Amino acid sequence: MNPLAQFGLSLLLVLLCVGGVLVLALVLAWQERAAAPDVRRQRLLYLVLPVASAVLALLLGSVFLLMTIWSPQGPDILASL
């Protein structure tokens, strides 16, 4: 993989991570704005936990891909996928 593509993909993945953290902050702030405790619990169970799970899975995949790209065996690993 050439260095320019490596840098561009790295930048894209870092932006994805920043966006994921912003989405998590937004969802948690929205959940805390509910007036009643039962509504906060309902928002937590039905929206915050699934969204947080999906975003954290994307962040984990992004970090794995970023570490794979910059490893010495990165092109071999990516070619075998």
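Parameters at a glance
- Residues numbered from 1 in each chain as written.
- Predicted model: local features only at pLDDT ≥ 70, side-chain atom pairs only at ≥ 80, totals over all residues.
- Heavy atoms only, no water.
- Helix = DSSP H or I, 4+ residues; strand = E, 2+ residues; numbered from the N terminus.
- Rg over C-alpha atoms; globule rule 2.2 N^0.38 Å.
- Buried < 20%, exposed > 50% of the residue type's maximum accessible area, 1.4 Å probe, protein only.
- Contact = heavy atoms within 4.5 Å.
- UniProt positions renumbered as here; feature names shortened; annotations may be inferred.
- Expected span 1.5 Å × (residues − 1).
- Core = buried A, V, L, I, M, F, W, Y, C linked by side-chain atoms within 4.5 Å.

Thoughts on the overall build of the protein
Tallying secondary structure elements over the protein gives three helices and zero strands in all. Starting at the N terminus and walking to the C terminus, you meet the elements of the protein as α-α-α. What you see for the protein is a C-alpha radius of gyration of 17 Å, clearly larger than the 12 Å of a compact globule of 81 residues, by over 25%. Relative to its full complement of 81 residues, the protein shows a buried share of 21%. When contacts within the protein are restricted to residue pairs at least 6 apart in sequence, those whose partners lie at least 24 apart make up 56%.

A closer look at the UniProt feature "transmembrane region" (unreviewed entry) in the protein
In the numbering adopted here, UniProt assigns the feature "transmembrane region" (unreviewed entry) to residues 6-31 and 43-70. Summarising residues 6-31: 100% helix, 0% strand, and an end-to-end C-alpha distance of 38 Å. Secondary structure content for residues 43-70 is 100% helix and 0% strand, while the C-alpha to C-alpha distance between its ends is 39 Å.

Points about helix α1 (residues 3-32)
With 30 residues, α1 should cover 44 Å at 1.5 Å per step; its first-to-last C-alpha distance of 44 Å lies within 8% of that length. Among all positions of α1, only Q6, S10, L13, C17, G20, L24, V27 and Q31 are buried. Each element contacted by the buried residues of α1 is listed here: α2 (37-70).

Notes on the nonpolar core
Counting five residues, the largest nonpolar core is built from C17, L24, A52, V55 and L59. Contributions of two or more residues to this core are made by α1 and α2. If sequence neighbours within four positions are ignored, C17 has contacts with L59, S62 and V63.

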